[in-house]
Amino acid sequence: MHWYMLTLIGKDRPRIVAQITAALFEGGCNLGEASMLRLGGNFAVMLMVKFAGSKATLTHLITAVAESMELHLHIDSIDAKLHQHMLPDVSISVYGADRAGIVAKVTGVLAEAGLHILDLESDVAGTETSPIYVMHIEGKAQQGIPNLESALDSIRQQGIEVRLTPIDTLVG
Amino acid sequence: MALLPVLTFPDPRLKERSNPVEVFDAELQSFIADLEQTLRSSPGGVGIAAPQVGRLQRIVIVDVSGKPNIQHHGRLILINPEIDSWEGMVKGREGCMSVPDFTGNVIRADSITLRAHDVLGQPRQYDMRGYEARAVQHECDHLDGLLFLDRLVSRRHDLFPRKK
């Protein structure tokens, strides 16, 4: 068995997930972890697929349905590490008037202060004339949380709202 | 004392309702000692409920005293616990020995009042808040066949928790 990462991107419409996963199931694939969402009217699929055959066979299996839904398909052979989730210990929420460079500035100072990003989601909200940028990051503070907190001061001085919350996972 | 094997989902016993304890005898105390040893052997674990080791009785152990800077009652053996009142709502991240390799956000009451019996069957009452209250609610859920998976809330779109 081999693991592949399928990426499918196209204009959003209903039934994308059902049709893609049906074709994979009928072709003998098993699915792993996935992230699928609508981004600005497009639908993006990132999906781990376990399959006995080659990348070419998998491509053949899914091409017809991908083309019928006008989805661009990309497949990578991957090394799959399941059952080894890294636990985030910090979440960072950011919002501000949308302007060029917010993500680069925020993630730049966080990377410098030791953040390993495990998850990032962002939305452009507000209106066309007055857009706001909203971003949520979870990660592991490899040099401690106080380091991240002080690094964010420079971001706050630029008028961007940032809130850092430690994640203390309760195991019961 | 002995380490007890911890059941993991999808074991159907984790979804069952547990029965009240009626006899407070030496056997019960010996079981509780084993249950506590099982909890202590789990890295980071702050609570355990009897059904997690396959004994469908209303017994939980909670001990959050290892966490810095929080209010707590130390080591708690809670038998037939009943939560009488809830106040406030707080979102927090939870995991579970019975659900390996997964964590998620759950909303719990910030403070609770609780009645329970101790190991000798004596009635006790507690007011608790924060992390300890969360741990007790998580464990009491096990007694009703509920896992934190039954209470997950979305990670997206909850960026700034509402003020209480």
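Note: the structure precedes this text.
Below or above, wherever it landed, is the structure these notes cover. Bear in mind that the values here come from a model prediction, so they are computed numbers and not experimental data. (Residues numbered from 1 in each chain as written. Chains lettered and ligands numbered in written order. Predicted model: local features only at pLDDT ≥ 70, side-chain atom pairs only at ≥ 80, totals over all residues. Heavy atoms only, no water.)

A short note on the overall build of chain B
Thought 1: Helix and strand counts for chain B stand at two helices and six strands.
Thought 2: When the helices and strands of chain B are listed from N to C terminus, the series reads α-β-β-β-β-β-α-β.
Thought 3: Taking 2.2 N^0.38 as the reference for a compact globule, 164 residues should give roughly 15 Å; the C-alpha atoms of chain B span a radius of gyration of 15 Å, in line with that estimate.
Thought 4: Along the three orthogonal principal directions, the C-alpha set of chain B runs to about 50 × 35 × 30 Å. (Helix = DSSP H or I, 4+ residues; strand = E, 2+ residues; numbered from the N terminus. Rg over C-alpha atoms; globule rule 2.2 N^0.38 Å.)

Considerations on the packing of helix α1 (residues 16-26) of chain A against helix α2 (residues 55-68) of chain A
All names here are of chain A.
Thought 1: Where α1 meets α2, the closest approach of the two axes is 10 Å, and the angle between their N-to-C directions is 155°. Taken together, α1 and α2 sit at an angle that is classed as roughly antiparallel. The crossing of α1 and α2 is right-handed. Side by side, α1 and α2 meet where Gln 19, Ile 20, Ala 23 and Leu 24 of the first sit next to Leu 58, Leu 61, Ile 62, Val 65, Ala 66 and Ser 68 of the second.
Thought 2: Classifying every residue of the contact of α1 with α2 by side-chain character gives eight nonpolar, two polar and no charged. (Axes fitted to C-alpha atoms, helices over the stretch in contact; angles between N-to-C directions. Parallel < 35°, antiparallel > 145°, perpendicular 65-115°, else oblique. Left-handed = near helix turned anticlockwise from the far one by under 90°. Contact = heavy atoms within 4.5 Å. Nonpolar A, V, L, I, M, F, W, Y, C, P; charged D, E, K, R; others polar.)

Overview of α1(A)
All names here are of chain A.
Thought 1: For α1, the complete set of buried residues consists of Ile 16, Ile 20, Ala 23 and Leu 24. Considered in projection along α1, the buried side chains sweep an arc of 100° and stay on one side of the axis. Projecting away from the buried face of α1 at angles above 90 degrees are the exposed residues Phe 25 and Glu 26.
Thought 2: Here the buried face of α1 lies against β1 (2-11), β2 (30-39), β3 (42-51), α2 and β4 (71-78). (Buried < 20%, exposed > 50% of the residue type's maximum accessible area, 1.4 Å probe, protein only. Arc of directions from axis to C-beta.)

Some details on the side chain of B:Asp63
All names here are of chain B.
Thought 1: Relative to the elements of secondary structure, Asp 63 occurs in the loop between β2 (59-62) and β3 (76-96).
Thought 2: A polar contact is formed between the side chain of Asp 63 and the side chain of Arg 40, at a distance of 3.0 Å.
Thought 3: Ignoring any residue separated from it by four or fewer positions in sequence, one finds Asp 63 in contact with Arg 40, Val 46, Gly 74 and Arg 75. (Polar contact = N/O pair within 3.5 Å; in protein donor to acceptor, adjacent residues only side chain to side chain.)

Comments concerning the interface of chain A and chain B
Thought 1: The interface is formed by 24 residues belonging to chain A together with 26 residues belonging to chain B.
Thought 2: Summed over both partners, the interface of chain A with chain B buries about 2,000 Å², with 54% contributed by carbon and sulfur atoms.
Thought 3: Ranking the residues of chain A by area buried against chain B places A:Leu170, A:Val171 and A:Gly172 at the top, with a combined share of 35%.
Thought 4: Counting the contacts that link chain A with chain B gives two salt bridges. (Buried area = accessible area lost by both parts, 1.4 Å probe. Salt bridge = Lys/Arg side-chain N within 4 Å of Asp/Glu carboxyl O.)

Topic: the pattern of salt bridges
Residues and elements named next belong to chain B.
Thought 1: Within this structure, the stated rule accounts for 22 salt bridges over all chains.
Thought 2: Arg 75 is the salt-bridge partner of Glu 36, the closest N and O atoms lying 2.8 Å from each other. Remark: Arg 75 occurs in the loop between β2 and β3 and Glu 36 occurs in helix α1 (residues 26-40); sequence separation between them is 39 residues.

What about α1(B)?
All names here are of chain B.
Thought 1: Spanning 15 residues, α1 covers 21 Å between terminal C-alpha atoms, matching the ideal 21 Å at 1.5 Å per step.
Thought 2: For α1, the set of buried residues is Leu 28, Phe 31, Ile 32, Asp 34, Leu 35, Glu 36, Thr 38 and Leu 39.
Thought 3: Buried residues along α1 sit in contact with β1 (47-49), β2 and β3. (Expected span 1.5 Å × (residues − 1).)

Here's the deal with the layout of surface pockets
Thought 1: For the largest pocket, the calculated volume is near 1,400 Å³.
Thought 2: Elements represented by at least two residues in the lining of the largest pocket include exactly β2, β3 and β6 (115-126) of chain A together with β3 and β4 (99-117) of chain B.
Thought 3: With six residues, the single largest contributor to the lining of the largest pocket is β2(A). (1 Å grid on protein atoms, 1.4 Å probe; cavity = no way out; pocket = protein on both sides within 12 Å on 5 of 7 lines; lining within 4 Å. Points joined across faces, edges and corners; volume = space filled by probe spheres on them.)

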